Amino acid sequence: MERFMRVVILLVSLIAVPYIMWQVMRIKGNKNITALENVQTGKSVSIFEGNDYALMDVEEYLVYCLPGIVDMGMDDEMLKTMAIIMRTSIYGEMYPELVYQSPYAEEGGETGLEVATETDSAMYNLIRNGSCLVNEDSLTEVRYDKSELMDKWGGSYYTYMNRLCSAVLATKGQVICYEGMFIVPVYHQVSVGQTVSAQEIYGKEIPYLQGTDSKEDITCDGFSVTQVVDGLRIKKLCDLYCEQNPAAYIDYSKDTSGTNEDSSSADDETKADNGRETTAGDKTTEKGSADNVDKNTNKENEINILEATEHGFVKYVNVFGKTMTGQTFAGVMGLQSANFHIDQVDDGYRIITIGKGNSLGLSLWGGEAMARQGRTCDEIIKKYYANVDIVDMAQ
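This structure is a prediction, so every number in the text was calculated from the model and none was measured.

Q: Where do I start with the sheet that holds strand E10 (residues 322-325) in this structure?
A: Strands in a sheet are paired, the pairing made by backbone hydrogen bonds, and the direction either parallel or antiparallel. An order of E8-E9-E10 is seen for the three strands of this open sheet, with the pairing classed as antiparallel. Across the chains shown, the open sheet's two edge strands, defined by having one partner strand only, are strand E8 (303-308) and E10. Direction aside, the axes of adjacent strands within the sheet are offset by 25 degrees on average. Where E8 meets strand E9 (residues 314-319), five bridges bridge the pair, whose relative direction is antiparallel. Paired with Ala308 across the strands is Val314, a residue of E9. Relative to the sheet, helix H9 (residues 231-244) contacts E8, E9 and E10, its axis offset from that of E10 by approximately 75 degrees. Relative to the sheet, helix H10 (residues 326-333) contacts E9 and E10, its axis offset from that of E10 by approximately 90 degrees.

Q: What exactly am I supposed to notice about the pairing of strand E11 (residues 340-345) here?
A: The side chains of a regular strand alternate, first on one face of the sheet and then on the other. In the sheet, E11 pairs with strand E12 (residues 348-354) via six bridges, with the strands oriented antiparallel. Directly across from Gln344, in E12, lies its bridge partner Tyr349. Between the end of E11 and the start of E12, which pair antiparallel, lie two residues.

Q: Which parts of the structure should I look at to understand the packing of helix H2 (residues 58-65) against helix H3 (residues 76-94)?
A: Two packed helices can be described by the angle between their axes and the distance between those axes. At a minimum axis distance of 10 Å, the contact between H2 and H3 shows a crossing angle of 120 degrees. In terms of orientation, H2 lies oblique with respect to H3. Every pair of crossing elements has a handedness; the one defined by H2 and H3 is right-handed. Residues Val58, Glu59, Tyr61, Leu62 and Cys65 of H2 form the contact with H3, whose participating residues are Ala83, Met86, Arg87, Ile90, Tyr91 and Met94. Of the residues assigned to the contact of H2 with H3, the class counts are nine nonpolar, no polar and two charged.

Q: For this particular structure, what's the right way to read the environment of Tyr100?
A: Of note, Tyr100 is situated in the loop between H3 and helix H4 (113-116). Here the alpha-carbon distance between Tyr100 and Phe182, two residues 82 residues apart in the chain, equals 5.7 Å.

Q: Help me understand the sheet that holds strand E3 (residues 132-135) in this model?
A: Ordered by their spatial adjacency, three strands build an open sheet running E2-E1-E3, and the pairing between neighbours is mixed. Of all strands in the sheet, those with a lone pairing partner are strand E2 (52-57) and E3, marking the two edges. Each strand of the sheet is rotated relative to its neighbour by a mean of 30 degrees, with strand direction disregarded. Along the sheet, H2 contacts strand E1 (43-49) and E2; its crossing angle with E2, the most-contacted strand, is approximately 100 degrees. Running at roughly 90 degrees to E1, H3 makes contact with E1 and E3 of the sheet.

Q: Sorry if this is basic, but what is going on with the pairing of E12 here?
A: With six of seven residues buried, E12 is to be regarded as a mostly interior element. With six bridges joining them, strand E7 (residues 224-229) and E12 adopt antiparallel strand pairing. Residue pairing in the sheet places Ser224 in a bridge with Ile354 of E12.

Q: When you look at the nonpolar core in this model, what are you seeing that I'm missing?
A: One broad rule of soluble globular proteins: the nonpolar side chains tend to lie buried together. Within the largest apolar cluster, 103 residues are counted, with the highest numbers of intra-cluster contacts made by Met82, Tyr208, Ile234, Phe329, Phe340, Leu362 and Tyr385. Ignoring sequence-local partners within four residues, the contact set of Tyr385 consists of Ile85, Ile176, Ile183, Pro185, Val186, Tyr187, Tyr208, Leu209, Gly361 and Leu362.

Q: How do you make sense of H2 when you look at a structure like this?
A: Of all eight residues in H2, eight are buried, a share of seventy percent or more. N-capping of H2 is provided by Asp57, with a side-chain oxygen placed 2.9 Å from the backbone N of Glu59.

Q: Quick question: what am I supposed to make of H10 here?
A: The periodicity of an α-helix, 3.6 residues per turn, causes residues three or four places apart in sequence to face the same way. Burial within H10 is extensive, with eight of its eight residues counted as buried. Buried within H10 we find Gly326, Gln327, Thr328, Phe329, Ala330, Gly331, Val332 and Met333. Tucked inside the fold, the buried residues of H10 contact E7, H9, E9, E10, E11 and E12. Within two residues after H10, Gly334 carries a phi angle of roughly 70 degrees, on the positive side.

Conventions we followed
- Residues numbered from 1 in each chain as written.
- Predicted model: local features only at pLDDT ≥ 70, side-chain atom pairs only at ≥ 80, totals over all residues.
- Heavy atoms only, no water.
- Pairing = 2+ DSSP bridges.
- Helix = DSSP H or I, 4+ residues; strand = E, 2+ residues; numbered from the N terminus.
- Axes fitted to C-alpha atoms, helices over the stretch in contact; angles between N-to-C directions.
- Contact = heavy atoms within 4.5 Å.
- Parallel < 35°, antiparallel > 145°, perpendicular 65-115°, else oblique.
- Left-handed = near helix turned anticlockwise from the far one by under 90°.
- Nonpolar A, V, L, I, M, F, W, Y, C, P; charged D, E, K, R; others polar.
- Buried < 20%, exposed > 50% of the residue type's maximum accessible area, 1.4 Å probe, protein only.
- Core = buried A, V, L, I, M, F, W, Y, C linked by side-chain atoms within 4.5 Å.
- Polar contact = N/O pair within 3.5 Å; in protein donor to acceptor, adjacent residues only side chain to side chain.

Dropping the structure here:
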């Protein structure tokens, strides 16, 4: 009898304890969701949901957008980091005239530099004391609704929502500024062992986008990916893409822009890079294509890199006598970054890709490593964005 009771107690415990924990997290999650629903910053997003329009405060809006860019296995400090980054992006879209300088701005276009010469208080007063309403269609973020997140997370929904709400509430109103202006907080998955400057990638100097060490990135699985592809397949893929995008093949002799930017790129991975893994290769710290440059553009029977940046990001590549940018080639071939090395082997061409994304701004892998080492979200942000301030617009 005693043994039977022990078994019963054990079975009840196995059922009751998880249920009690789930209820606790549900209550905490609902409490934080309710707290966010009551936040009123005066900055609202007009959303269309349930066949009707509704207003959602930007802080609550953040919680339902963050699932699209974070991994819920991230450390809490990294979740806070991403909340600040996304809030900065949204504020920049709400107040485009108050963005310091965007790496994506057209030459000669509005950069915000003129506004930056004015007193910082003008910006703060405008945002802190004024209201703003934007239509969700004008924002680049992707919002999930509650039912989608419940399907996505299942039984972990309340646990994850509690963590996201906590991250947003802990950083409420905090944005990243350079000289009193919002920055464009670009990020990528994994750097090439260090991040690079906007000058190297885009050919334009942006003071808050400078290179910094990120050696933790080389420990990431898939940091270096090697694949061998048949030359005819490469040619057919490139030709097919260029039939649909005639500007993709360029005249290398005339293109002297010196950037790695291409308006016809097949894979726009500059704002939020999501590199795709192929076959994992050995981890390496080699600079991709930097030592594999051959400026002979007349090689109609092979593929070779014509020009690369200091850290190995390919600017131009010759594809059987035709030239395209490294960014376009990486997109066509499904490479996880434009930092690649090519050489000819018996079975075709060996392509070794380094990193995931463009190594510009915050490295998600490097930031997560810092968080797990006990560093704060402020420290993570100030490592990857040079000379910035984290400003509390809610004060």
